[in-house]
Amino acid sequence: MNKILKKTQFSEKVFCLEVEAPLIARSCRPGHFIIVRVDKDSERVPYTIAKSDPERGTLTLVVQEVGLSSTKLCQLNVGDEVQDIVGPLGNASKIEKYGTVVCAGGGIGIAAILPILTALKQAGNRVISVLAGRTKNLVIMVDDVKKYSDEVIIMTDDGSYGEKGVVTVGVEEVIKREHVDKVLAIGPPVMMKFTSLLAHKYGIPNDVSLNTIMVDGTGMCGACRLTIGGKTKFVCIDGPEFDGDLVDWDEMMKRMGTFKGVEKEEMEHYEQHLHHGDETKTCGACNTAETVATSPNDGKEPVESLVDRNAPWREELRKKMTAKERKQIVRVKMPELDPAYRATTRTEEVNKGLTLDMAMGEARRCLDCGKPSCVEGCPVNINIPSFIKNIERGHVLDAARVLKMTSALPAVCGRVCPQEKQCESQCIHLKMKEPAVAIGYLERFAADYERESGRGVLPEVAPSNGIKVAVVGSGPSGLSFAGDMVKKGYEVYVFEALHEIGGVLKYGIPEFRLPNRIVDVEIDNLRKMGVHFQTDCIVGKTITVKDLEDKGFRGIFVGSGAGLPNFMDIPGENYINVMSSNEYLTRVNLMDAANPDTDTPINIGKKVIVVGGGNTAMDSCRTAKRLGADVTLVYRRSETEMPARLEEVKHAKEEGIHFLTLHNPKEYLADDNGRVRAAVLDVMELGEPDASGRRRPVATGRTETLECDQVIVAIGVSPNPLVPKSIQGLELGRKNTIVVNDEMRSSQPDIYAGGDIVRGGATVILAMGDGRRAAANMDKHLKEAK
């Protein structure tokens, strides 16, 4: 937590707060910003840093009450704590000796420009600061600015302080009297726009610092994107400073009003938001395991016996039924919530889970092959026949023990992994033209049964070897790596940029498919095994790889994911309510934005288009449906080529999602307020197969226009460059992926990587497989280096 040490009121709605944040204070530079979450129900909001004190470990923020989150922050007092502060974010200002620099600060933008003008002065520039506000009370930190300015000019709209006029009057006064080499402007968008236009008029290079709408601040959501020089840029990754001449100011000012209506409604219920944190949330998604009389030895046998195909208990099972009898058993069907009902609830799982009788019956279908090909199809090499046979004999706790030997997240994998393309695709039943054993359903059953029985057993952990290893990111690959390394006796520390552990499992997958409580239990098991977790910490920003090495970390695993959303680069893509699936799902899943008692805003679409054909597109469709929308999925190929799991497609159709295949967005149309109102779609046909093996979609030349008020773009993600680019000497591949060898080892011998940051995009189970392989190889090399 981050304690408030000092609070000063500058005016009726402007406050200066000094807050504890030692890691950020040590690493931030002029131009950086932070993301603040006031309490557990608050949104994530960007704020600029006015001052930092590395010795005291403090940051100074100047905040104006303009919305719900800023008002809640300003209402805190000395001694109160801010829930989360993460940073430093963005790129530091480019500080060099330009000559004469005019620094224009408007309102609380004065606080943001203070550290930059200070650095410019220290670099040998002549600094002329022009400070502006509507009234005297809004011209802040004048004495601080004077310390590092050769001249300070003050402008107020009403003439109550300094000269009467707007900021551009003061800036032009300087330009007309002497040569100016550069202009820097920070403040309200309209102030920056006209300061930039003025500098451009006189041919002076000018920069502006943009404070846009954000959710994560690390490039994951794409909410901060703007058109800069005709190209889409992410403010949190490419900025926040840009050449003012290149900014599409009209687009920016419209996008800044994205949630204006929602935020106004939130402020009308301010007291409700203020006290909501006092309530205890409950989850209605729990499916309680049956209480049954199982063998008293369940969970107590030596693990060697559980996986020994020749163990007496297992040989006895094989004798009980012939292969022919097992083949005649009909594959189990997963019980599901009624489609009409489930399309109205976000937190109840669609799949209800198997009963014990159903699970034991399905387990009997397994032929217990001598050379089980299903194991070869599993990226984490789960001993599938052994855990299934333990279910068959009623030893479900033992089945869970077998799963945990190789999988850190069995309850997760049983829900979201594409078993039909992996382990089940190798099942011997398929070769006999019969349905595969429902391995995924059984995995989920065993993990759920153990958890809800209250008799769970943690995997065996070796004695500590005293060697520290770090994990960057807490998604599937990082958690899998952490689980394997802690079992081998290592001291494992996981560093997560967001405020919750779980990565894509938390922000990307809806609760109707993967409840947060399931993820939390799996994470808590890792914590009980000895894994340490630190949130709000960005390796490469908050701390560096060198910091980790200096603290004695002998190995680092990077599993930071592929959080940078892809867009299509078509006209209108930056209109209001055209969102990435990352932003949409993060707002709904991680930030609980659809809950009226939480603070994060979201515009609820009534007629929604989702673009894409993968699992994320299905998640977005089905989420929008649950928020009351009429939803159409637009996909450029036919349904046959869709990469989404068949079960997800089935569920989406049952819930009333419209499928418009062989169509692809060409352009978006907007109303007068810059909000999307329609999509112009190319009608496609399939040509020859491309590199993916799927037939390539080709435009026919015909178009259709589909009305909408919201578009969710779910066409994939790229590796986030934030972490890879922060590590010197790291070899990067296409689109900033980390290049690794067969051992998951990077060009830096102490750094391993896996998951989407290596693959560019993959499934949960493939990422977990990478983590396991990296753990095995790092362990081998660290032991050899002893």
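First, a word on scope: everything that follows refers to the structure included in this document. (Residues numbered from 1 in each chain as written. Predicted model: local features only at pLDDT ≥ 70, side-chain atom pairs only at ≥ 80, totals over all residues. Heavy atoms only, no water.)

Here we come to the pairing of strand S16 (residues 231–234). Bridge analysis of strand S15 (residues 225–228) against S16 gives four bridges, and the strand direction is antiparallel. By the bridge assignment, Ile228 is partnered in S16 with Lys231. Linking S15 to S16, which pair antiparallel, is a turn of two residues; within it Gly229 sits at a positive phi near 60 degrees. (Pairing = 2+ DSSP bridges. Helix = DSSP H or I, 4+ residues; strand = E, 2+ residues; numbered from the N terminus.)

Let us look at the nonpolar core. Counting residues in each nonpolar core, the largest one holds 74 residues, and the members touching the most others are Ile384, Phe387, Ile388, Ile391, Phe481, Val492 and Leu505. Non-local contacts of Leu505, meaning those with residues more than four positions away in its chain, are made with Leu409, Val412, Pro476, Leu479, Leu514, Asn516, Val519 and Val764. Core analysis: the second largest hydrophobic core is formed by 72 residues, Ala104, Leu210, Phe567 and Val713 among them. (Core = buried A, V, L, I, M, F, W, Y, C linked by side-chain atoms within 4.5 Å. Buried < 20%, exposed > 50% of the residue type's maximum accessible area, 1.4 Å probe, protein only. Contact = heavy atoms within 4.5 Å.)

Ordered by their spatial adjacency, three strands build an open sheet running S27-S28-S29, and the pairing between neighbours is antiparallel. Looking at which strands have only one partner, the edges of the open sheet turn out to be strand S27 (663–670) and strand S29 (695–707). For this sheet, the mean inter-axis angle between neighbouring strands, taken without regard to orientation, is 20 degrees. In the sheet, strand S28 (residues 676–689) pairs with S29 via nine bridges, with the strands oriented antiparallel. Residue pairing for S29: Met684 is matched across the bridge by Ala699. (Axes fitted to C-alpha atoms, helices over the stretch in contact; angles between N-to-C directions.)

Helix H27 (residues 615–626) packs onto helix H26 (residues 581–590) with a crossing angle of 50 degrees between their chain directions and a minimal axis gap of 10 Å. Between H26 and H27, the interaxial angle falls into the category oblique. Remark: the crossing between H26 and H27 carries left-handed chirality. Here H26 contributes Ser581, Tyr584, Leu585 and Val588 to the contact with H27, which in turn contributes Thr616, Asp619, Ser620, Thr623 and Ala624. (Parallel < 35°, antiparallel > 145°, perpendicular 65-115°, else oblique. Left-handed = near helix turned anticlockwise from the far one by under 90°.)

Regarding helix H12 (residues 312–320), the residues found buried are Trp313, Arg314 and Leu317. Across the axial projection of H12, the buried residues extend over an arc of 95 degrees, all falling on one side. More than 90 degrees from the buried face of H12, the exposed residues found are Pro312 and Lys319. On the buried face of H12, the contacting elements are helix H11 (303–306), helix H13 (323–327) and helix H17 (384–392). (Arc of directions from axis to C-beta.)

It is worth spelling out the packing of aromatic side chains at this point. If you walk through the whole model with that rule in mind, you get five aromatic pairs. Aromatic pair Phe234 and Phe567: ring centres 6.4 Å apart, planes at 85 degrees, arrangement edge-to-face. You can see Phe234 sitting in strand S16 and its partner Phe567 sitting in the loop between strand S22 (564–565) and strand S23 (578–580), a full 333 residues away along the chain. Residues Phe234 and Phe567 agree in their burial class; the two are buried. When the ring of Phe445 is compared with that of Tyr449, the centres are 5.7 Å apart and the planes differ by 45 degrees; the resulting orientation is tilted. Here the residue Phe445 and the residue Tyr449 both occupy positions in helix H21 (residues 439–453), the gap between them amounting to four residues, near one helical turn. Here the aromatic residues Tyr493, Phe495 and Phe553 are joined through ring pairs into a cluster of three or more. The ring of Phe659 carries the charged tip of Lys653 above its face, separated from the ring centre by 5.5 Å. (Phe/Tyr/Trp six-rings, centres within 6.5 Å; stacked < 30°, edge-to-face > 60°. Lys NZ or Arg CZ within 6 Å of the ring centre and 35° of its normal.)

Position of Asp779 among the secondary structure elements: in helix H30 (residues 764–785). When residues no more than four places from it in sequence are discounted, the contact partners of Asp779 are Met485, Lys488 and Tyr490.

Geometry only, nothing functional implied.
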